[in-house]
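This is what each chain is made of:
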Amino acid sequence: MSMPPNDAINLSQVTRALVVKLRHHGDVLLTSPVFQVLKNRAPLAQVDALVYADTRDMLTGHPALTNVYTIDRAWKREPPWTRLAHEWRLLRELRARRYDLLIHLTESYRGAWLAQWLTPRFSVAQRYPGKRGRFWNGSFTHVYPIPGKQRHRVEIHLDALRRLGIYPSAEERHLLLLPGADAERSVDALLTEHGLTPRGFVHLHPTSRWLFKCWEVDKYAALIDALHASGHRIVVTAAPAEHELGFVQAVLRGARAPVVDLSGKLSLKQLAALTQRARVFVGVDSVPMHIAAAMQTPVVALFGPSGDLEWGPWQVRAQVITLGYSCRPCGLDGCGGGKVSDCLTDISVDQVLTAVRALAQAA
């Protein structure tokens, strides 16, 4: 039997909880087990989230959530009084909820201020020695340590609950993302239009927000040709950002095999519905990789400068391809800051092709 900490909270005293995660899309998706664990242990409690507006689709539809509150990054570009009005309106909405529990999952000072202003009975955040001092630690009733070694980000999120005396089971730690009926219908129509069937194609998402995390254009093109020669149909996707669309077009110009190009044409919910229907997903460290894991689609993930132990595909059949370079993971934007990561670009086409074939055969 687990021995909880002496200051473990009494969940019967929690009627409303707020989880704050102000980061990028993938980071937000990796918090999804926190909401489910809370709801499982306090089924009568209402659980809310506070995220950036552009990431809210990572959580909308989550069965454990009551409300998803948002902060628009565009507020920073507005006049000071307009921004202050947005902030005051949000704070009033949050204060009206009368939270008993606040879980803050980043180093943003906003979480400390929220703990001060919302006055929840319980509040928890990571301890950041050397970065956050007395005000930070004094704002929360509970703080928890950052692990000294690499630990998956999902587990680091769940450590906030462990610090409170809430211990997730293995079955509660999976990612959850619901595409929704509209996204599923539109994707099914797209598949029919292109003569594709569920589990009848490989989903390739070659890009990332940061191109130093991406493989080489000519190797992606060679992979497409090799997969086509092996009898696979390929669907390619990318975000609508100009640099990602340009990267994909360069890949497709180099490939001889036909593909279904949906780059820049799908919402995040549609992307989830698409990858759910794929036989295998192939990509790099990016939110589509995490979405594929949430949809339980087998994943081939190429990792270079970022850490696969912390950010790899979570609880899904996967082949993570890395090279044994002593300097990785370095977290740098390319070797020497040069925007090209040798530990990633040196991965061979054969390595990736072998991984895809193994997962496709088992699927």
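On a predicted model such as this, the values are computed, not experimentally measured, just so you know. (Residues numbered from 1 in each chain as written. Predicted model: local features only at pLDDT ≥ 70, side-chain atom pairs only at ≥ 80, totals over all residues. Heavy atoms only, no water.)

Our next topic: the overall build of the protein. Across its full length, the protein holds 14 helices and twelve strands. Taken against the 2.2 N^0.38 rule, which gives 21 Å for 363 residues, the C-alpha radius of gyration of the protein at 22 Å falls within 12% of a compact globule. Expressed along its principal axes, the backbone C-alpha trace of the protein runs to roughly 60 × 50 × 45 Å. Counting every position in the protein, which comprises 363 residues, the buried fraction comes to 53%. Here the contacts in the protein between residues at least 6 apart in sequence split such that 64% fall between residues at least 24 apart. Surface exposure of the protein reaches about 16,400 Å², of which carbon and sulfur atoms provide 52%. (Helix = DSSP H or I, 4+ residues; strand = E, 2+ residues; numbered from the N terminus. Rg over C-alpha atoms; globule rule 2.2 N^0.38 Å. Buried < 20%, exposed > 50% of the residue type's maximum accessible area, 1.4 Å probe, protein only. Contact = heavy atoms within 4.5 Å. Areas by Shrake-Rupley, 256 points an atom, 1.4 Å probe, with all protein chains shown as cover.)

Taken in spatial order, the six strands line up as S3-S2-S1-S4-S5-S6 in an open sheet, and their pairing is parallel. At either end of the open sheet lies a strand with only one pairing partner, and these are strand S3 (65-71) and strand S6 (142-144). Across the sheet, the mean angle separating the axes of adjacent strands is 15° when strand polarity is ignored. Looking at chain direction, strand S2 (residues 46-52) and S3 are connected through six bridges and run parallel. Bridge pairing in S3 links Tyr 52 to Ile 71. Strands strand S4 (101-104), strand S5 (122-126) and S6 of the sheet are contacted by helix H6 (residues 153-163), whose axis makes an angle of about 145° with S6. (Pairing = 2+ DSSP bridges. Axes fitted to C-alpha atoms, helices over the stretch in contact; angles between N-to-C directions.)

Right, let's get into the packing of helix H7 (residues 181-193) against helix H10 (residues 268-276). For the pair H7 and H10, interaxial distance at closest approach is 8 Å and the crossing angle is 55°. It follows that H7 is oblique to H10 by the angle criterion. When the axes of H7 and H10 are compared, the crossing they make is right-handed. Taking contact as the criterion, the partners of Ala 183, Glu 184, Ser 186, Val 187 and Leu 191 in H7 are, on H10, Lys 269, Gln 270, Ala 273, Leu 274 and Gln 276. For the contact of H7 with H10, a count of residues per class yields five nonpolar, three polar and two charged. (Parallel < 35°, antiparallel > 145°, perpendicular 65-115°, else oblique. Left-handed = near helix turned anticlockwise from the far one by under 90°. Nonpolar A, V, L, I, M, F, W, Y, C, P; charged D, E, K, R; others polar.)

Okay, a nonpolar patch on the surface next. A grouping of Tyr 109, Trp 113, Trp 117 and Phe 135 is seen on the molecular surface, where their side chains present a nonpolar patch of about 400 Å² in accessible area. No other element matches the three residues that helix H4 (residues 109-118) contributes to the nonpolar patch. Tracing the backbone shows Trp 113 in helix H4. (Patch = residues over 30% accessible without salt bridge, like charges linked within 9 Å, V, L, I, M, F, W, Y side chains within 5 Å. Salt bridge = Lys/Arg side-chain N within 4 Å of Asp/Glu carboxyl O.)

Next up on the list: the nonpolar core. Of all hydrophobic cores here, the largest spans 63 residues; its most connected members are Leu 38, Leu 101, Ile 103 and Ile 291. No other element matches helix H11 (residues 287-294), which puts six residues into this core. Leu 223, Val 248, Val 300 and Ala 355 belong to the second-largest nonpolar core, a separate cluster that totals 35 residues. (Core = buried A, V, L, I, M, F, W, Y, C linked by side-chain atoms within 4.5 Å.)

It is worth spelling out the pattern of salt bridges at this point. Side chains that carry opposite charge are capable of pairing whenever their charged atoms lie near each other. Within the structure shown, the criterion is met by 19 salt bridges. In this structure, Glu 155 engages Arg 173 in a salt bridge whose closest nitrogen and oxygen atoms are separated by 3.1 Å. You can see Glu 155 sitting in helix H6 and its partner Arg 173 sitting in the loop between H6 and H7, a full 18 residues away along the chain. Arg 277 serves as the salt-bridge partner of Asp 188, at 2.7 Å between the closest nitrogen and oxygen. Here Asp 188, found in helix H7, pairs with Arg 277, found in the loop between H10 and strand S10 (280-284); they are 89 residues apart in sequence, far enough to count as distant. With relative accessibility at 33%, the residue Asp 188 sits in the partly exposed group. Classification of Arg 277 by relative accessible area gives buried; the value is 11%. Taken together, the shared-partner salt bridges in this structure form one network comprising Arg 151, Glu 155, Asp 159, Arg 162 and Arg 173.

Another point: helix H8 (residues 217-229). Given a rise of 1.5 Å per residue, 13 residues ought to cover 18 Å, and the 19 Å separating the end C-alpha atoms of H8 matches this to within 8%. Next to the buried residues of H8 lie strand S7 (202-205), strand S8 (234-236), helix H9 (242-254), S10, helix H13 (342-345) and helix H14 (349-362). (Expected span 1.5 Å × (residues − 1).)

Here six strands make up an open sheet; going across it, the order is S9-S8-S7-S10-S11-S12 and the pairing parallel. Because the sheet does not close on itself, it has two edges, and the strands there are strand S9 (260-261) and strand S12 (318-321). Where strand S11 (residues 299-302) lies against S12, four bridges are found, and the strand directions are parallel. Of the residues in S12, the one forming a bridge with Val 300 is Gln 319. In the packing of H10 onto the sheet, contacts are made with S7, S8 and S10, and the angle to S7 comes to roughly 140°. The sheet strands contacting H14 are S7, S10, S11 and S12, and the helix crosses S12 at an angle near 170°.

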